[in-house]
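Chain by chain, the residues:
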Amino acid sequence: MASCSRSHVISLYRMLMKESKKFPSYNFRTYALRRVKHGFRENQHVDNPRTLDMLLGQARESLALIKRQVRCPPPPLPAQPFCDAEDGVHWKQ
Amino acid sequence: MFGKTVIRSIWGSRSAAACYRRKYTESAVSAAHRQKEIIKSRYIEKDELRPLYMDFQATTPMDPRVLDAMLPYQVNYYGNPHSRTHAYGWESERAMEKARKQVADLIGADPREIVFTSGATESNNMSLKGVARFYRSKKKHIITTQIEHKCVLDSCRILEAEGFNITYLPVQSNGLIDLKQLEETIQPDTSLVSVMTVNNEIGVKQPVKEIGEICRSRSVFFHTDAAQAVGKIPINVTDWKIDLMSISGHKIYGPKGVGALYVRRRPRVRLEPIQSGGGQERGLRSGTVPTPLAVGLGAACEIAQQEMQYDHSRVSMLAKRLLQKIMSELPDVVVNGDPDQRYPGCINLSFAYVEGESLLMALKDVALSSGSACTSASLEPSYVLRAIGTDEDLAHSSIRFGIGRFTTEEEVDYTAEKCIRQVKRLREMSPLWEMVQEGIDLKSIKWTQH
């Protein structure tokens, strides 16, 4: 299947490593890089397409997770009022 | 607020150059006058590097995957899981039940047997006081050990004041309890035996399976405080015949402020609840279950189950590396606790002829502890070390190294080298060390007062 091709797997690996390098914390950064490498190396000989699909799905989810987390803690937002500025009574929709 | 305090810690290749050196107060070990220096708390300045974290038994950082699972429930899905009338409540309850299943799967239990609490301290209190008080009319004896966590020992003290009879089993010099002694101590009116699975200070792993067999055969309830063991070693409550088990969230890379209590349903364990209220959590622990924290605990348990093998082999490798480095360069270092029956990530070393507090101050840029966090305020040596029979001077000079999921080889190497250097330096200054080098046996000295 196209999604299981070698180049696709390698590009997923590269993206994961690239995002993992963005963790501000030393411990999380090193853990993410190490774990991703281990995860890919461990499963390099998997043949069964269903397992491969599942593993690649997990890898994609991890990529999305890392992308969300490297921005944590989030930059401070400007103070947002709970209600509309004009009348100071109605909730902001 | 966060932007300013996210400080990069760049240990590794830049460690030697970038380290912030402070003037150490020189201290020599003297048996006659023990000058205890209290380590003053000091906040990390703006551009200062943070210390290495090697204290994983005190608490653990939250895994990013756990935070990711918790955030939606902190921000958007904020309903009360006990609200039965709207979608906010339903989705929150669904998340809570999913978390319950994740916790149950880790320990081999049924989800209905898990009660969410505010931590292992509350779980320990609930199980000890709850079981004791429920069976008060017929059974008045409780057995525990001398190396339990403070909350267990304190609960037993309260129960003693209420009229119960408590036996504190001594431990052998390797930290394990004697099974024969346990069997002999069980009386017909014993209601509960409480032994922790993995000790937080010396890391010894008790023979929980055998204790479970003994307790089941004598029909005594078996409670274990598994806060340090859950997620790190494989646990099955059915195989080990455990009736009650305490779980702590922040020891398994989960959030602080949540824990769980496993209460067996077959055969049923009855508890008198401590916290009364609306009857949540089977009436055993009333109060709104904090959904984000419960979700975090569940996610932490699921991750721990998946990563257990990888983490265990890695932690063992790092622990062996640390021990080998230190023991090969330094003589007169004692490992407290059994060398085989232990969790490798908790290493408690006693450095002879060196004072523990001064070594901790010398290792300023590594976050370590001597003894557990709950006893670090006092200057007494840890009661656990006293229970395993360490000499007074060795007990004062013990340091606990904690290795966890996020520790790197560079951190371990740096810690080992720094430790070796500082111990050598402190020993040079020590008159006791001089005497030992000359061949004098310290135990034969008669110290005089003046």
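Residues numbered from 1 in each chain as written. Chains lettered and ligands numbered in written order. Predicted model: local features only at pLDDT ≥ 70, side-chain atom pairs only at ≥ 80, totals over all residues. Heavy atoms only, no water.

You'll find chain B entered in an unreviewed UniProt entry as Cysteine desulfurase, with Paramormyrops kingsleyae given as the organism. One UniProt comment on chain B, placed under Cofactor (unreviewed entry), says "pyridoxal 5'-phosphate". Its UniProt record, at the heading Catalytic activity (unreviewed entry), says of chain B: "L-cysteinyl-[cysteine desulfurase] + L-cysteine = S-sulfanyl-L-cysteinyl-[cysteine desulfurase] + L-alanine". (UniProt positions renumbered as here; feature names shortened; annotations may be inferred.)

Looking up chain A in an unreviewed UniProt entry gives the name Complex 1 LYR protein domain-containing protein, with the organism given as Paramormyrops kingsleyae. UniProt, in its Sequence similarities (unreviewed entry) section for chain A, records the words "Belongs to the complex I LYR family."

Undergrad: Teacher, can you tell me more about a positive patch on the surface here?
TA: Residue and element names in this part refer to chain B. On the surface, R266, R268, R270 and R282 cluster together into a patch of positive charge. Positionally, R270 belongs in the loop between β8 (259-263) and α9 (291-329). Look at R270 and you get partly exposed, because its relative accessible area is 42%. (Patch = residues over 30% accessible without salt bridge, like charges linked within 9 Å, V, L, I, M, F, W, Y side chains within 5 Å. Areas by Shrake-Rupley, 256 points an atom, 1.4 Å probe, with all protein chains shown as cover. Salt bridge = Lys/Arg side-chain N within 4 Å of Asp/Glu carboxyl O. Lys, Arg positive; Asp, Glu negative; His and termini not counted. Charge placed at Lys NZ, Arg CZ, Asp CG, Glu CD. Helix = DSSP H or I, 4+ residues; strand = E, 2+ residues; numbered from the N terminus. Buried < 20%, exposed > 50% of the residue type's maximum accessible area, 1.4 Å probe, protein only.)

Undergrad: I tried to follow the pattern of salt bridges on my own but got confused; where do I start?
TA: Opposite charge on two side chains lets them pair, provided their charged atoms get close. Tallying each qualifying case throughout the model produces 26 salt bridges over all chains. Linking R405(B) and D311(B) is a salt bridge whose minimum nitrogen-to-oxygen distance equals 2.7 Å. Placement of R405(B) in the loop between β12 (398-402) and α13 (409-429) and of D311(B) in helix α9 is noted, with a sequence separation of 94 residues between them. What makes D311(B) buried here is its relative accessible area of 11%. Overlapping salt bridges, with partners in common, bring together R35(A), D63(B), R65(B), E307(B), D311(B) and R405(B) in one network.

Undergrad: How do you make sense of the domain arrangement of chain B when you look at a structure like this?
TA: Accessible area lost on assembly of the parts is the figure often given for the size of an interface. All names here are of chain B. According to the domain assignment, chain B contains domain 1 (64-303) and domain 2 (308-444). A separation of 30 Å is found between the C-alpha centroids of domain 1 and domain 2. With 29 residues of domain 1 in contact, the opposing surface of domain 2 contributes 24 residues. Carbon and sulfur atoms supply 59% of the area buried between domain 1 and domain 2, which totals about 2400 Å² over both sides. It is E201, I202 and Y253 in domain 1 that bury the most area against domain 2; as a group they hold 32% of the surface buried on that side. Where domain 1 packs against domain 2, one counts zero salt bridges. Summed over the shared surface of domain 1 and domain 2, the result is 10 residue pairs in polar contact (both at pLDDT 80 or more). If you list the elements that add at least two residues to the side of domain 1 that touches domain 2, you get α3 (64-75) and α6 (150-161). Here the residues of the side of domain 1 that touches domain 2 are counted per class, giving 13 nonpolar, 10 polar and six charged. (Domains from an automatic or database assignment. Contact = heavy atoms within 4.5 Å. Buried area = accessible area lost by both parts, 1.4 Å probe. Polar contact = N/O pair within 3.5 Å; in protein donor to acceptor, adjacent residues only side chain to side chain. Nonpolar A, V, L, I, M, F, W, Y, C, P; charged D, E, K, R; others polar.)

Undergrad: I keep staring at the sheet that holds strand β9 (residues 333-335) of chain B and nothing clicks. Help me out?
TA: Across a sheet, paired strands are connected by hydrogen bonds in the backbone, their directions being either parallel or antiparallel. Residue and element names in this part refer to chain B. Across the sheet, three strands lie side by side as β9-β10-β12; this open sheet has antiparallel pairing. One side of each edge strand has no neighbouring strand; the edge strands of this open sheet are β9 and β12. Direction aside, the axes of adjacent strands within the sheet are offset by 30° on average. Summarising the sheet, β9 and strand β10 (residues 346-351) pair through three bridges and their orientation is antiparallel. What sits directly across from V333, in β10, is F351. Seen against the sheet, α9 touches β9, β10 and β12 and runs at an angle of roughly 10° to β10. (Pairing = 2+ DSSP bridges. Axes fitted to C-alpha atoms, helices over the stretch in contact; angles between N-to-C directions.)

Undergrad: Please clarify how unusual backbone geometry should be interpreted in this entry.
TA: A negative phi angle characterises most non-glycine residues, just as the trans form characterises most peptide bonds. Residue and element names in this part refer to chain B. In this chain, R266 is followed by P267 through a cis amide linkage whose omega measures -5°. With respect to the helices and strands, the residue P267 is situated in the loop between β8 and α9. Located in the positive-phi region is E281, a residue other than glycine, with phi close to 55°. With respect to the secondary-structure elements, E281 resides in the loop between β8 and α9. E281 gets classed as buried once you look at its relative accessible area, which sits at 9%. Backbone geometry at Y353 places phi at a positive 70°, although glycine is not the residue there.

Undergrad: What should I look at first to understand the packing of aromatic side chains in this one?
TA: For the structure shown, the criterion picks out 12 aromatic pairs over all chains. Aromatic pair Y31(A) and F406(B): ring centres 4.9 Å apart, planes at 75°, arrangement edge-to-face. Placement of Y31(A) in helix α2 (residues 26-42) and of F406(B) in the loop between β12 and α13 is noted, with the two residues assigned to different chains. By relative accessible area, which is 6% here, Y31(A) ends up buried. You can call F406(B) buried: its relative accessible area is 0%. Between Y78(B) and Y88(B), the aromatic rings sit 5.3 Å apart at their centres with planes inclined by 25°, giving stacked as the arrangement. With Y78(B) in the loop between α3 and α4 (87-107) and Y88(B) in helix α4, this pair connects stretches of sequence that are 10 residues apart. The aromatic ring of Y310(B) is capped on one face by R35(A), whose charged end is 5.1 Å from the ring centroid. The ring of Y253(B) is capped by R405(B), whose NZ or CZ atom sits 4.3 Å from the centre of that ring. (Phe/Tyr/Trp six-rings, centres within 6.5 Å; stacked < 30°, edge-to-face > 60°. Lys NZ or Arg CZ within 6 Å of the ring centre and 35° of its normal.)

Undergrad: Would you mind going over the pairing of strand β7 (residues 244-248) of chain B with me for this structure?
TA: All names here are of chain B. Burial within β7 is extensive, with five of its five residues counted as buried. Along β7, one buried face is formed by L244, S246 and S248 and the opposite face, lined by M245 and I247, is buried too. Where strand β6 (residues 221-225) lies against β7, three bridges are found, and the strand directions are parallel. Paired with D225 across the bridge in β7 is S246.

Undergrad: Can you help me understand the environment of G345(B) in this one?
TA: Residue and element names in this part refer to chain B. One can find G345 in the loop between β9 and β10. What makes G345 buried here is its relative accessible area of 0%. Note: C-alpha distance between G345 and L49 (296 residues apart in sequence) is 25 Å. For G345, the residues in contact, after removing those within four places along its chain, are Q57, V315, F401, G402 and I403.

Undergrad: Help me out: how do you make sense of the sheet that holds β8(B) in this one?
TA: Residue and element names in this part refer to chain B. Strand order in the open sheet made by the seven strands is β2-β8-β7-β6-β5-β3-β4, with mixed pairing throughout. With partners counted over all chains shown, the strands left at the sheet margins are β2 (114-117) and β4 (165-169), one partner each. Neighbour-to-neighbour, the strand axes of the sheet open up by a mean angle of 20°, direction not taken into account. Running over the sheet, helix α8 (residues 208-217) touches β5 (190-194) and β6 and is turned about 155° from β6.

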